[in-house]
Amino acid sequence: MTGPRWAMTVDTRLCVACKACVLACKAENAVPDGFCRDWLVEETRGEFPELHAQNRSERCNHCSEPPCVDACPTGASHVAGGGAVLVTHDKCTGCKACIAACPYDARYVHPGGWVDKCTFCLHRAQRGDQPACVSVCPTYCLDFGDLGDPDSVVSHKLRERRFKVLHPETGCGPNVYFLE
Amino acid sequence: MAYTRREFIRIAGAGAGAAAVGSGLASRWWGADGDPVPDPGTDGDRVVPSFCELCFWKCGILCHVKDGRVTKIVGNPKHPLSRGRLCPRGTGGTGLLYDPDRLKKPLLRVNGRGGQSFREVEWPEALDRVADGLKALRDKHGPEALALYTHGYGGSWFKHLLRAYGSANVAAPSYAQCRGPREAGFRLTFGQGVGSPENTDMENARCITLLGSHLGENMHNTQVQDFALALSRGAGLVVVDPRFSVAAGKADHWLPIKPGTDLALLLAWIHVILAEGLYDHEYVEKYAVGLDKLREHVADKTPEWAYAATTLPPEKIVETARFLAGARPASLVHPGRHVTWYGDDTQRTRAVAILNALLGSWGRRGGFFLPAQLPLPKYPYTHYGTEPKPPADVAKGHNYPFADETIASGVCEASIPGTADYDIKGWLVYGTNLMLALPEPEKTKQAIQALDFIAVVDVLPAEITGWADVVLPESTYLERCDELDAPPWRVPFAAVRQPVVEPMYDSKPGWWIAREIAHRVGLADYFPWKDSVEYAMQRAHAAGLDCDVMKRDGVVVGAPAAITIEDGVEPAFDTPSGKIELYSQALADAGFDPLPEFTPPEEPPPGMFRLLFGRSPVHTFGRTTNNRFLSQVMSSNELWLNRRAADELGLADGEQVVVVNQDEVRSEPLALRATQRIRSDCVYLVHGYGHDAPGLRFARGRGANDTRLVTRTKIDPLMGGTGMNVNFVRVERRQP
Amino acid sequence: MIFPLYPLDAFGYEASLVAGTLLGFAFGFVLERSGFGRAPVLAAQFYFADTRVLKVMFGAIVTALLGTTILAGAGVLDYSLLTVPETFLWPQLAGGLLLGVGFIVSGYCPGTAVVAAGSGNLDGAMTVAGVMAGSLLYGFFHPWVAEFEMSGAMGVARLPDLLGVPQALLAAGVAAMAVGMFLGAEALEKLFARRRGGGPLLAPVPRNWVFIGIALASLGGLGTLALEPPAPAAAPAPRVVRIDSLTLARTLVESPDSVRLVDVREPAACEAKRIPGAMCLPADDPGGSFLADLPPTRRLVLYGAAELRALPGPAARFGGPVLVLAGGFAAFETAILTAPVAPSPVTPEALARFRLVSALHAKFTGAAAAPPPPAPAGPARVQPRGPKKGGGC
Amino acid sequence: MPHQKLWNPYVAGVALGLVLLASFLVMGNGLGASGAANRAAIGAAYVVAPDTVGHDPYFAKYVGPGKNVLDDWLVFEVLGVFLGGVVGAYSAGRLRRGILMGPRPMPAWGRLGLALAGGILMGVAARLARGCTSGQALTGGSVLSLGSWVFMMMVFAGGYLAAPLVRRQWR
Amino acid sequence: MTGNLEVVTTRHNAAIDPVLSAWGWEIPVYLFLGGLVAGLLILGAGYELLHPDRPRSRALRAMPFAALGLLSLGMLALFLDLAHKLHVYRFYLAFRWTSPMSWGSWILLLVYPVAFLHGVGSLTAGQRETLLARRALAPLLRPLLRWADRARRAVLKTSVVAGLGLGLYTGLLLGTLAARPQWNTAVLGPLFLASGLSTGAAFLLLFRLDEREHDFVVRWDVGAILVELLLLGAMLLGFAAGDRSAQHALYHLMGGPWTSAFWSLVVFAGLLVPLAMELIGRRRRLPLAALAPALILAGGFALRWVLLVAGQASSFREFP
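Since the model is a prediction, treat every value here as computed from it, not as a measurement.

Undergrad: With reference to specific residues and values, describe the overall build of chain B.
TA: The secondary structure content of chain B amounts to 24 helices and 26 strands. Here chain B has a C-alpha radius of gyration of 28 Å; the compact-globule value for 736 residues is 27 Å, and the two agree. C-alpha atoms of chain B, sized along the principal axes, occupy 95 × 70 × 60 Å. Buried residues in chain B amount to 66% of all 736 residues. Accessible surface, chain B as shown: approximately 24,400 Å² in total, 52% of it carbon and sulfur. A distance of 4 Å separates the average location of the 81 positive side-chain charges in chain B from that of its 88 negative side-chain charges.

Undergrad: I'd love a proper account of the sheet that holds strand β1 (residues 46-51) of chain B, names of residues and values included.
TA: Hydrogen bonds between backbone groups are what pair the strands of a sheet, and the pairing can be parallel or antiparallel. Residues and elements named next belong to chain B. Taken in spatial order, the three strands line up as β1-β2-β3 in an open sheet, and their pairing is antiparallel. A single partner strand is all that each edge strand has here, and the edge strands are β1 and β3 (69-75). Mean inter-strand twist for the sheet, computed between neighbouring axes without regard to direction, equals 30 degrees. Alignment of strand β2 (residues 60-66) against β3, held across six bridges, turns out to be antiparallel. Directly across from Ile61, in β3, lies its bridge partner Gly75.

Undergrad: Please give an account of the packing of aromatic side chains that cites residues and values.
TA: Residue and element names in this part refer to chain A. Within this structure, the stated rule accounts for 62 aromatic pairs over all chains. Taken together, a centroid distance of 5.1 Å and an interplanar angle of 70 degrees make the contact between Phe120 and Phe144 edge-to-face. Placement of Phe120 in the loop between β7 (115-116) and α4 (122-125) and of Phe144 in strand β8 (residues 142-146) is noted, with a sequence separation of 24 residues between them. The exposure class of Phe120 is buried, given its relative accessible area of 1%. Accessibility expressed as a relative area gives 6% for Phe144, which makes it buried.

Undergrad: An account of the interface of chain E and chain A is needed here, citing residue identities and associated values.
TA: In this assembly, 40 residues from chain E lie in contact with 47 residues from chain A. Taking both sides of the interface into account, the surface hidden between chain E and chain A amounts to around 3,600 Å²; carbon and sulfur atoms contribute 56%. The largest share of the area that chain E buries against chain A comes from Arg11, Arg90 and Phe316 of chain E, three residues that together contribute 15% of it. Asp81 of chain E serves as the salt-bridge partner of Lys96 of chain A, at 3.3 Å between the closest nitrogen and oxygen.

Undergrad: Outline the pairing of strand β2 (residues 38-47) of chain A, supporting the account with residue identities and numerical values.
TA: Burial of β2 of chain A is extensive: eight of the 10 residues sit out of reach of the surface. Relative to strand β3 (residues 50-59) of chain A, β2 of chain A runs antiparallel, the two sharing 10 bridges. Counted as the bridge partner of Glu47 of chain A is Glu50 of chain A from β3 of chain A. Bridge count between β2 of chain A and strand β1 (residues 5-9) of chain E: five bridges; the pairing is antiparallel.

Undergrad: Account for the arrangement of the chains, naming residues and giving values.
TA: The highest contact count of any of the seven pairs of chains in contact belongs to chains C and D. There is a gap between chain A and chain C: no contact, and a shortest C-alpha distance of 9 Å. Nothing in chain A touches chain D, and the closest approach of their C-alpha atoms is 21 Å.

Undergrad: Outline the pairing of β8 of chain A, supporting the account with residue identities and numerical values.
TA: Residue and element names in this part refer to chain A. Of all five residues in β8, five are buried; the element is thus mostly enclosed. Looking at chain direction, strand β1 (residues 6-11) and β8 are connected through five bridges and run antiparallel. Along β8, the bridge assignment pairs Ala7 with Gly145.

Undergrad: Please provide a residue-by-residue account of the nonpolar core, values included.
TA: Judged by nonpolar contacts, the single largest core of 169 residues is most densely connected at Trp269, Leu294, Leu358 and Leu582 of chain B. A per-element tally of this core places helix α9 (residues 262-275) of chain B first, with 11 residues. Split by domain, this core shows at least three residues from each of two domains, domain 2 (176-371 + 566-589) and domain 3 (609-733) of chain B. Those residues in contact with Leu294 of chain B, other than ones at most four positions away along the chain, are Ile270, Leu274, Ile354, Leu358, Leu582 and Leu595 of chain B. Judged by nonpolar contacts, the second largest core, of 99 residues, contains Phe32, Ile107, Leu204 and Val218 of chain E.

Reading the values: rules and limits
- Residues numbered from 1 in each chain as written.
- Chains lettered and ligands numbered in written order.
- Predicted model: local features only at pLDDT ≥ 70, side-chain atom pairs only at ≥ 80, totals over all residues.
- Heavy atoms only, no water.
- Helix = DSSP H or I, 4+ residues; strand = E, 2+ residues; numbered from the N terminus.
- Rg over C-alpha atoms; globule rule 2.2 N^0.38 Å.
- Buried < 20%, exposed > 50% of the residue type's maximum accessible area, 1.4 Å probe, protein only.
- Areas by Shrake-Rupley, 256 points an atom, 1.4 Å probe, with all protein chains shown as cover.
- Lys, Arg positive; Asp, Glu negative; His and termini not counted.
- Charge placed at Lys NZ, Arg CZ, Asp CG, Glu CD.
- Pairing = 2+ DSSP bridges.
- Axes fitted to C-alpha atoms, helices over the stretch in contact; angles between N-to-C directions.
- Phe/Tyr/Trp six-rings, centres within 6.5 Å; stacked < 30°, edge-to-face > 60°.
- Contact = heavy atoms within 4.5 Å.
- Buried area = accessible area lost by both parts, 1.4 Å probe.
- Salt bridge = Lys/Arg side-chain N within 4 Å of Asp/Glu carboxyl O.
- Core = buried A, V, L, I, M, F, W, Y, C linked by side-chain atoms within 4.5 Å.
- Domains from an automatic or database assignment.

Written out as structure tokens, the structure is:
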């Protein structure tokens, strides 16, 4: 298999939790009011005044072993090019099995009757653009690219920086990496 | 182990029956079910470049228009202030454009002010009413009795109108209620303010020091970009803030200072830097005056002296002083933006300026660059008539000698008869919601009731429109053209605002409104152009800029200029001595401390907390809290209270509470955020919530309005800024 | 103290609901076996035909009363943690009368009606429905009775406190009274049964054993009076940590809200001079019993005149960490409240410490600002300033 | 008389006392019944008319956003009482659907009507007295609460006073 | 102090935040009815397979049709839960062998004809005559009856298999969703099967059975309840021995927010009390009151409801 292996990195040291990514995503993808495909998590650990904070822009992890795709009874959830996990609206019955299957709670039922989620803005990636969240981010904390390409920004960052993924114990192989 | 069963099912399934029926295969038999990559189709068939007005930074934007609707707004990569990126608000312009609560028709008041009853009229009637008001005012009280409040880029037309009319009372709350003191403080020291956008070269700084500035929560696009770039290059960060702000979360040193004692810390830092000889000897020698007096002045301002005031351990003060001095001259002590805190703000920002001078950062790479600007000739107007009377922004017998803009709160007070040298009798309010912008709103109401006339130009039915005699609905920034924007910056550039879509409803652009009023009050000569596009292009043309490129790209960027001493620019200081004034003779002459002196602020009484407020990255004060798009990620403010303090009050995180100030003013209910992230002697909330204007159907009743709690201020004697962090509150559980 | 389990946090709220189900089950089972699921059995009480209700009820009360009394006396049960219904004299008087009427009309009381419903008796189910309707009705008409509802409020009013009789004695009295009532009731039953022509009489054996048990338990309860009152300090002793004067002074400056400083000297001495920020023992509580009940949100710091060798009892029961000032007030006075002497020879460490103590001295005495550092170059200059407000800064 | 399977009242009394004692030892309070009926009634009313009930200040402490009126110890306890009744009756061979009445035949609706009427009286009374025979008399009585003893005496008084009036039902 | 971690998130998706509640009442109803039908099929067919010579009561004969009705009700609930109901046909355009829901939709397709044949074969002679008297039905029914009778044992065996599949699948549906620690246990499949058997038996007990049938059903019910208790114990032990997520799942049922519902409603009222009644009733030869089966049915539903709600709420975000 050749072709890209899409991944995203989030530099938690730079993220200021401004939510520009969330709103840019909503605008780009016409996400209906009251829903979001990406979101901010602000974690504070410790007790005053010994505090440590981490800000994370989170979204679907486009897992390498996506449990949502396994749970889908109709094939609507599938792994598309570059490993992105997508939902084909016309095949989706809205049975919500994938929602229950996702350990990251990244999916929601679109009012149109299908289950919706982050697409890695594959429609933009296809024409060489960055996802909306990445291209808007005023702190340059988001990067998107091909893990298969050793020269891509994401490959570089993962080589150079300490990182974690969310809940690796689920064994899903998430593809959004949080640089620390 | 979690997934073993899934694997099991997979294997079992593969064996059992499913032999040939590959998962995709089965459905493919039925055709018409490929898996296309979904395209939301929000790319416009037309993309119009412009610049943003959700805040006042004026980033370049590209507006996608599809079938006559703006589908999305993205950053303009060619614009030096956005570099293709936007803050959260920038994306939310559509939320303003398509806000169902927008003012749709001109309105005339039906009965008493504040009574909120209006009738819709056509434009000619409304404009005639304004013109009648202005003419009567001029005849009865003279033109200087008219004041203009403005905040926003469309205000330029009205400023022009006012000058032509003959009044100098043009005020913006952004001066005396926000960044005024630092302009005065830096002007006194370096002969020049920092302006907006600030001339801070954060991107190249090796150490950034923030005092109460919550960058990241206070979201000015380029500034935050530079901040992040500096951090990604390993710049050190010192954050002085009673709250563990987002920036504090990234700091090498967070100093949870006792509110109101920053000046003590600054003086102690200066003490250490001088005592240990850590300052830039050459730079100070060459550019500054008054080092000896400064040295003498801070001799007893030891870290231990500051310890008692700030509660910051002296070891920490010494350590941070060395830390930030170690990075000089690329060590930037940020001047802040909203700095009207305790009434000693000019002196405090002067201490910031002095510290920067000792670090040699002014004019240096990684410090304060010396900005470049495109020369943009003024439109060739007829000369304004006689010089108007000076503004009446100071109470009788008072004087703020170092104010260099009009004091908005002073103009408001001057409207209460007999308080100032002459009375203000009429207001034009352009795009500024004075009810939330000026402290002591009760005083504002009193002033309005004493006016002969008040007209408001706005996009939304904000609180202030409820007090107007005439409400004129303006088009949003996406529907109009405005003045060109060519601020002093790292690179010289000029940007244009272009209408993206036709004005919705019966709204009109500001230039049109100002021009129509001018025509009706006999000032047509000052508005000779047909429309603002003609006006803007004439100026661009006169500057030798390519108008077609400007319309196509939204911006014309000039040649890069030298902006630092390293680049070869020699800084000039517009001070009496022509040098950096560590010691200010001007201050001494005016009877003020020539060197900053720290006086401890009043302490909150037992059981009360100091009320602090700040900003959210998704909102611009109260302007955007009705924006339904932006509000999806923050629809209300919450009260930050130290977790231990909350525990002792028996209040739980998320609980609805009411804040009551020292004058028994009660806030609207809001949710409590019991958090470790703030000291226990203060509370914090984001400014701009708690609207009660009935027309703001979304924002109304969400969160609490901090302005109402600011029932007292401490005036900066140097420039008239209203120190607002001098209010104390207690926190109560909301009664059901 | 082991009991009561739930108030002593032996298990959580959710588990308490499960415990409720099980206790309720036992309650329902016993009620049913007592015949309380059957209206005619219950109603018989009021016609002296069968005084089961009286026997079972008082038997239960006496058993529970003696049980709790003995256990509390033996120091196993913390009686103060038991929920005692508050007394509202008039509404309870009226409510009792009304409930008695309802009892004989329906044939059940609310609890037994549930048992009756459980044993398939539709009249029981109907009574339950009635009770539900009645309480709803009460809620809707609540404003009319709101005032009466609160009349005669006496709070928690227990007979031993009101009569000034030890509980064990009173319990024995109640037991004796109950036995008397049982015998009287049996006599009445016999009388009425004879009038109606015979009926089953109870076997005397279990009765006598029960009576003997009651008597023994009453004696046991009285016996506990002879015991020493249980020592309350069975709680694990909190870790007592010493804190030196300098650290305490720094804590009071840097995070004054993290500690609660209590001066446990004589109130008079404390009022005269104490560490700024400390609280004195109130005159009406010289033992400091309030210390035990302070919320454990802050560390508790205690000091006496000299170093405290043992914690006052209430402080030992404080829920959070307790610290003791090393050397007591005297040490603090020497270390902080007296002006420091300039060091000689001047080493950087000694100088730093001197400057720090000077600052703290200035802060705590409030009278003078920190003397400027004795720079090795020149003599110290003292620059007096006006007194600061209220000792704070 | 079908009392052969009933326990000796003295033994039953001690057994009941031990259950009550266990309740004190485990939960720190005694047993009750009417509180659960109250909550069940309010819950049902809230389902039927959420606005009327939700805005009533008296009911507001039970129902409203974030509150589950049935989330209460007494409710579970009474569930247990019901189950205890079921098992007790079944194991004694007494579990059968029927209507219990005195020796004098009377129409079923009459007995049920009286049961309902008595129930309503007791519902009101229990609210007023803050408990019924279980919660107030039994529980409060064994911790020697003054009000509980007053209440208990009044229950017997009320019963004996009214007994002659409904004599035809039972005798 | 109250913990040292503060988390603020801006996510605000309906039915996901703050707690996942994507599945409402429909799913537990469906799981309950599915399990019940599975129990009915297994018990009904099992009785006949084990005792082919015994006469059967009307109730037992009519049982397969009742099963069909109940299953249809369950399917209706499932259908109501779909966000895009028109796309329901999509279930049958694919077989996704990794998805229990896909397995389930195909199993359901098997259950219908089997249960129908099972029912048709159970018709009494009188019923057959009445039906055959209808001209329109006769030509269709006659061969069907002949075939159903001839293949009776095969139909019954298939019925048992279909029942087992259905019962297991209702548990596996949740049990394979390892993203929910509460469901992440291998026990759910057999547990729901056992509970299905028990609720199926309880359902039968609500009707008039003959004595031997009654005995058979009660015996199986007692067995099923005992197995269920064992499996619940195994589930809790499994959680106790598991990792952080499993510990959290255990906490939900042992002190956490679903403790009272689980122990009081499911275990005590739904299993232990009716079990005790059945045992007592058998020993003392007491006629079984309708209350016991009613409690079992209520407990069976409570089991699904508690596990569904607790499962949805149990998420990895509980321990960041």
